[in-house]
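Spelled out, the chains give:
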Amino acid sequence: MRPHYKLRNALPLALALGLGLFATTLVWQVPPAAASGSLDNQASDLVRLINGARSASGKSSLTIDLFLASKARDGAIPCPDNPAKTIAGRARDMAARGSMSHDLPNCDTGTMSSKTFVSTLQTAWKYGSVGEILLENGGYGNGAYLYSVTGSKRTWMTWTYSTTGHGMIGWKSSGSHWAIIMGGYSHVGCGGWSSGSAYFYDCLFTKGGPAPSGLKSPPTKSPFSNPLPATPTPKPTAKPQSGGSGSSTSSGSATAGPSASASATAGTFDSPSPDPQFAGALVAVASDSPGPDQAGAVGQFVGGSPTGGLAVPALHVVKIVAAVAGSGAAVLGVFYVLFFMRRRRRTGTG
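Numbering of residues starts from 1 in each chain and follows the order in which that chain's sequence is written. Per-residue local features of the predicted model are confined to residues with pLDDT of at least 70, and side-chain atom pairs are confined, for both listing and counting, to 80 or more; whole-chain, interface and lining totals are unaffected and use all residues. Side-chain numbers come from the whole structure's heavy atoms, not from hydrogens or water.

K.L.:
Summarise the side chain of Asp 202; cite the residues concerned and give the values.
P.N.:
Each helix is a run of DSSP H or I of at least 4 residues and each strand a run of E of at least 2, with the numbering of both proceeding from the N terminus. Residue position: Asp 202 is located in strand 11 (residues 198-206). When a residue's accessible area, from a 1.4 Å probe over protein chains only, is under 20% of the maximum for its type it is buried; when over 50% it is exposed; and in between it is partly exposed. With a relative accessible area of 0%, Asp 202 lands in the buried category. By the convention used here, residues are in contact when the closest approach between their heavy atoms is within 4.5 Å. Ignoring sequence-local partners within four residues, the contact set of Asp 202 consists of Ala 72, Arg 90, Ala 91, Met 94, Glu 132, Ile 133, Leu 134, Gly 189, Cys 190 and Gly 191.

K.L.:
Give me the lowdown on the state of the cysteines, citing residues and values where you can.
P.N.:
Defined by distance alone, a disulfide is two cysteine sulfur atoms within 2.5 Å. Taken as a whole and assessed by the stated rule, the structure comprises 2 disulfides. Covalent S-S linkage joins Cys 79 and Cys 107, the inter-sulfur distance amounting to 1.7 Å. When the S-S torsion is -60 degrees, as for the bridge of Cys 79 with Cys 107, the disulfide is left-handed. Taken together, the positions of Cys 79 in the loop between strand 3 (76-78) and strand 4 (86-88) and Cys 107 in the loop between strand 5 (103-105) and strand 6 (112-116) put the pair 28 residues apart, joining distant regions of the chain. Covalent S-S linkage joins Cys 190 and Cys 203, the inter-sulfur distance amounting to 2.1 Å. Taking the sign of the S-S torsion, 110 degrees for the link of Cys 190 and Cys 203, the bridge is right-handed. Remark: Cys 203 occurs in strand 11 and Cys 190 occurs in strand 10 (residues 187-195); sequence separation between them is 13 residues. In this structure, Cys 190 and Cys 203 share a single accessibility class: buried. Listing the disulfide partners of the chain by sequence rank of the bonded cysteines yields 1-2, 3-4.

K.L.:
For helix 2 (residues 40-56), give the residues involved together with the corresponding values.
P.N.:
Along an α-helix, a turn takes 3.6 residues, which lines up residues three or four apart on a common side. In this model, helix 2 (17 residues) spans 25 Å end to end at C-alpha, consistent with the 24 Å of a helix rising 1.5 Å per residue. Just past helix 2, the residue Gly 58 takes up positive phi, approximately 75 degrees. In a helix, the anticipated span is given by 1.5 Å times the number of residues less one.

K.L.:
Which residues make up the packing of aromatic side chains, and what are the values?
P.N.:
Ring pairs shown here join Phe, Tyr and Trp side chains whose ring centres sit within 6.5 Å, with only the six-membered ring taken for Trp; geometry is labelled stacked below 30 degrees between planes, edge-to-face above 60, and tilted in between. All told, the structure shown has 5 aromatic pairs when counted by the stated rule. On the basis of an interplanar angle of 70 degrees and a centroid distance of 5.1 Å, the ring pair of Phe 67 and Trp 125 is categorised as edge-to-face. Note that Phe 67 is positioned in helix 3 (residues 66-73) and Trp 125 in the loop between helix 5 (117-124) and strand 7 (130-138), a separation of 58 residues in sequence. Relative accessible area serves as the criterion here: at 9%, Phe 67 is assigned to the buried category.

Below, the structure written as C-alpha cells:
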C-alpha cells in the first residue's frame with residue numbers, strides 16, 4: 001500500500017480527534033475562584049463550633065467580644081513602626097499578604113515586625129490573658145459539611161460550612177491549638193476574609209477584658225437545616241488520643257485545663273480524623289500576662305492539596321494545551337482532506 005493511502009486513511013481519525021479536543025475545551029470549565037471579601041457567616045459559625053467542642057468536654061461557652069471580632073476581621077490595628085498608620089485587621093491583612101503570622105507587619109518598610117498582635121491587645125487595649133489561633137483554608141468552599149467532635153463528656157455533631165468544619169479538624173490535630181480552644185478563657189472573637197479561593201480566619205481568646213465595643217451572645221443554630229444522623233452512645237477508648245504535630249511550649253495559666261490528649265473515640269460517628277486533603281498551615285500562640293511579648297503555645301499543622309489532583313493553575317495550562325492541540329489537529333486534518341481531494345481531481349482529469 002502506498003504511503004499516501006495510509007495517511008489518507010488516518011485523516012478521518014485525526015480530524016475527529018482534533019474536533020473532539022476542540023469541542024471539549026469549549027465546555028470544560030475550570031472552577032472559578034471565589035471573590036475576595038469578608039466571611040462573617042463562616043467566622044460566626046466558627047464561634048459556634050468552638051463552643052460546641054467545649055461543651056463536649058464539659059467546658060462553658062465563650063461570649064463574643066465584638067471588639068475582638070472586629071480586630072480579627074478588618075478592624076484597624078496600629079502599625080508597630082508607625083502608630084499614625086494602621087493595618088486592616090488580622091484576617092484581611094493576612095489575606096492581602098497571602099500568608100499567616102502572629103507578628104504584625106511594619107507599614108513603612110513592608111517587613112514583618114517582631115511584635116505579636118496578642119501583645120498589642122495587652123498593651124494598647126489592656127486585655128489580660130490572650131490567645132490567638134489562625135487558619136488558612138482553601139479549596140473546600142461553603143457547602144454543607146457534617147462535623148462531629150468527641151470530648152471527655154460526649155460526642156457533639158452539627159452541620160456547618162465545609163471550610164469551617166475542615167478548619168476545626170485541623171485545629172484539633174494540633175495539641176497547642178486545641179489547648180487554646182479548651183483553655184480557661186471567657187471571651188472570643190473570630191473574623192474571616194477570603195482572597196480568591198483561599199480563606200483566612202483569625203480567632204482571639206481572652207479571659208475577661210475591657211470589651212470596648214460590648215459583648216454578644218454566641219450563635220447556637222446551624223446555618224444548614226439538614227437532619228442529623230442518630231448518635232450512638234460514646235464508648236471511650238482505654239488510651240486517650242494525643243493530637244497535633246509540631247512543637248509546643250506553655251506559659252502561664254490561660255491555656256490550663258484538659259489538653260488535646262483528653263479525648264475519646266465514640267462508636268460509628270466518632271470525631272473525624274485529619275483530612276489528608278487539608279490545605280494550608282495553622283499556627284497558634286497564647287500570651288498570659290500584660291507587657292512584653294510571650295509565646296505561650298506554638299504549633300503547626302500542614303496538609304496536602306484540597307483539589308485531590310491537579311491544582312487550578314495546572315488545569316488552566318492543560319485546557320490551553322488541549323485547545324491548541326485540538327484546533328491545530330482540526331486545521332491540519334481539513335488541510336490534508338482538501339489536498340487529497342484536489343489531487344484526486346487532477347488525477348481524474350489527467
